[in-house]
Every structure is written in structure tokens, then in C-alpha cells.
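Structure assessment
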Amino acid sequence: MAADLKGKVQTVLGCIDPSQLGRTLTHEHLWCDTTPLGMPTCPSFLPNLKSLPFNMQNLGFIRQFPYSYTPNLTLHGEEQHVIEELKFFKQHGGSSMVECTTLGISNNVGMLKTMAEKTGVNIIAGAGYYVDSSLPPEVHGATQEQLVSTMVQDITQGAAGTSIRCGVIGEIGTSWPITATEKKVLQATAAAQTQLGCPVIIHPGRNKEAPAEVIRILAEAGGDISRTVMSHLDRTIYDKGELSEFAKLGSYLEWDLFGIEVSYYEQVTNLDMPSDAQRIQMIKHVLDNGYEDRVVIAHDVHTKHRLMHYGGHGYSHILLNVVPMMLARGISQDQVDKMLIHNPRNWLTFK
Ligand SMILES: CCC(=O)NCCS(=O)(=O)O
């Protein structure tokens, strides 16, 4: 355990008392590039999206096929717009964000520090590794001990040769089936978490068995499941019974694709992406079953078209639009505060 971190939350500007966090989105990206992941095969009727400008005329195509439009896949160069949106988030009662960009999709702690300084939003940066297909050869070739050492250094000394420290491990990327490199990274994550008492966040593969399999690997390697967030449950577990079974494993449960209101899911075309209303129904189900201390929420903004500048919902959609929907559907203010304030605070505090 890192003595100086115990009882604190570590932001890119240094440690803060957990009570300073306020309303916290637990899974966002402010600076990332998912181009290395490749693109899905898009329908033949589409115009050549690569050559189209990002304008109103093409916004319908881009919203329906966001991953087929290369310029949409990067937030690089958008820092001024992101900074404006962070200020807007703060004006509307937001306070903190976990920035989950890890190695493989262009993490940049220096940029996060600048954004935090210019906006006053607490930004907690993620250490670690994204999915196998995004990773450079040296990660595939590294030993588990080397990966542990790098993640521990990112949290205790500073990331990428800077003195800017990460405050969480993840999002740790996994595919389905989980690859050998991803299993090694998960085992290293559990070992680093044991040393540091730090929070962990996981990106599961797109299969309903994936979250439980990740938890099994982490638990076997000594990880603290009660301090681990399982992301993207929106597009991973669709059945309430299966969700109840997964909740019993003890991780935080995260719905983090709020704002995506297109049911066609380009990444897995035989799965329907739920609407915000359906996300709220699933959350209400777990709240009604006693898991109100386990739910966290976010938007996972990672493409241009979801920024307000490009006609998207932005980082304030949950505060402005989703919370009123939740309250109108029988979720209490106390439960909303748990999802946005108390649960993120408990998760992010080093033990
Ligand atoms: C880098 C952000 C990301 O990949 N988010 C997950 C999207 S999805 O797998 O839920 O479609």
C-alpha cells in the first residue's frame, strides 16, 4: 500500500480529500484516438465516408455509423471544445471525471493536466493497457512483473516520464475471448492493486460471459473485486436475471454509454444498443435489488460526434437530462446522489 495515498483521491493536479470530489462521472475520455482499433465493415450503400466533411448534411450517416467515419475516431485537436464542455459541466453542477484512456488509444496525462488547470474540474487519469489489438509489441513481450512495475510507477511517481500521477488503473481493455496478453495484464492489474490499494476499472469484451470471466481472473490473482468497476454493462448484459447473477460477484456496476440513442450497434450488429430509458430500467432493477451502493454512471464520450460542438449530447447530458428522467421513473434523489457522488468517492479513495 502507498502510505501517502491512503484515504486520498489522486487527480492529475495532486491528491485531494475525497469530500472534494462532488458529482463524478466515472468513465470518460477527453483526449483519445481509437483509430488503431480498425473499423467495422459498413454497408455498401454508404457514400465513401472517409472523404466526407463533418457537417450537418452528413451527421445522419455519422450518427448511424460512427465507427465507419475515420475523422470521428479521434478527439485529438479538439481540446478547446473539450475545455469549453468541461466548463459547461462545472457550471451545471459537475465536479470530477475519471479519464479512462490507457495505452493503445493515445493517453496523454500532460493534456489532462492542462485541461484540469484551465477548467477546475478534478480529472483522475487511468494507468494501464487497452485491448490486445491496440497494444504495441513491447506489451505483448513484457513480463507480468514489468507491467506491474509500470502501473505502480504511473500511480506513485508519474506517467509517461512526467511527474503527473494516475489515480486509477484502467480502463483495462479485454476482448472476447480474452487473449493471453489481456490475461497477463489482468493478473498484473490485480498485483498492482494489491500493492497500492487503488481503484480499478475494466472494459469487458462484447459477450455476456465476459464480465464474470474477468472477475474470475482478477479474483484468482488476488484483486479486490469490491474496488473494481465493470464498465459497459449497457451493451454486455441485457437480461435482468443475468444482471442479478453478475451483481452478486461484488464489483461496481457501470452504465456508461448514456447519450447513445441509436439502437443499431455497429460493433456487434446482432445486438441492440439500449436507449437511455432502457439503461435506467436496468439500473432501477439493480437498485430495487439492494445494489444502490454499487452503481456508477457515465457517457464514455470517445468520438467527436458525441461532443456538443459536433451536435452531440456532451459530458453534461447525465446531469441535465438523465437525472430528471431517473427521478421521474421512481429513482430517489438519495439514490442519484449515491451513483454520482458517494459511490465514485468510495471507489476512488485509496485504501
Ligand atoms: C475507447 C472507448 C471505448 O472503446 N468504449 C467502448 C465502446 S463499446 O465497446 O461499449 O461500444
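Residues numbered from 1 in each chain as written. Predicted model: local features only at pLDDT ≥ 70, side-chain atom pairs only at ≥ 80, totals over all residues. Heavy atoms only, no water.

1. Looking at unusual backbone geometry
A cis geometry characterises the amide bond from Gly 170 onward to Glu 171, with omega recorded as 20°. The residue Glu 171 is located in strand 6 (residues 168-173) in this model. Residue Trp 176 is joined to Pro 177 through a cis peptide bond whose omega torsion reads -5°. Along the chain, the position of Pro 177 falls in the loop between strand 6 and helix 6 (180-196). One non-glycine residue, Ala 160, adopts positive backbone phi at about 50°. Residue placement: Ala 160 occurs in the loop between helix 5 (144-156) and strand 6. Using a relative accessible area of 73% as the deciding quantity, one classes Ala 160 as exposed. In the Ramachandran plot, His 232 falls in the positive-phi region, its phi being about 55° despite a non-glycine side chain. (Helix = DSSP H or I, 4+ residues; strand = E, 2+ residues; numbered from the N terminus. Buried < 20%, exposed > 50% of the residue type's maximum accessible area, 1.4 Å probe, protein only.)

2. Overview of helix 2 (residues 79-91)
Over its 13 residues, helix 2 extends 18 Å from the first C-alpha to the last, a length consistent with the 18 Å expected when each residue adds 1.5 Å. For helix 2, the complete set of buried residues consists of Val 82, Ile 83, Glu 85, Leu 86 and Phe 89. All buried residues of helix 2 lie within an arc of 165° about the axis, which places them on one face of the element. Check the buried side of helix 2 and you find it contacts strand 3 (24-28), strand 4 (96-99), helix 3 (109-119), strand 5 (122-127) and helix 10 (317-328). Downstream of helix 2 by a residue or two, Gly 93 has a phi angle that is positive, lying close to 100°. (Expected span 1.5 Å × (residues − 1). Arc of directions from axis to C-beta. Contact = heavy atoms within 4.5 Å.)

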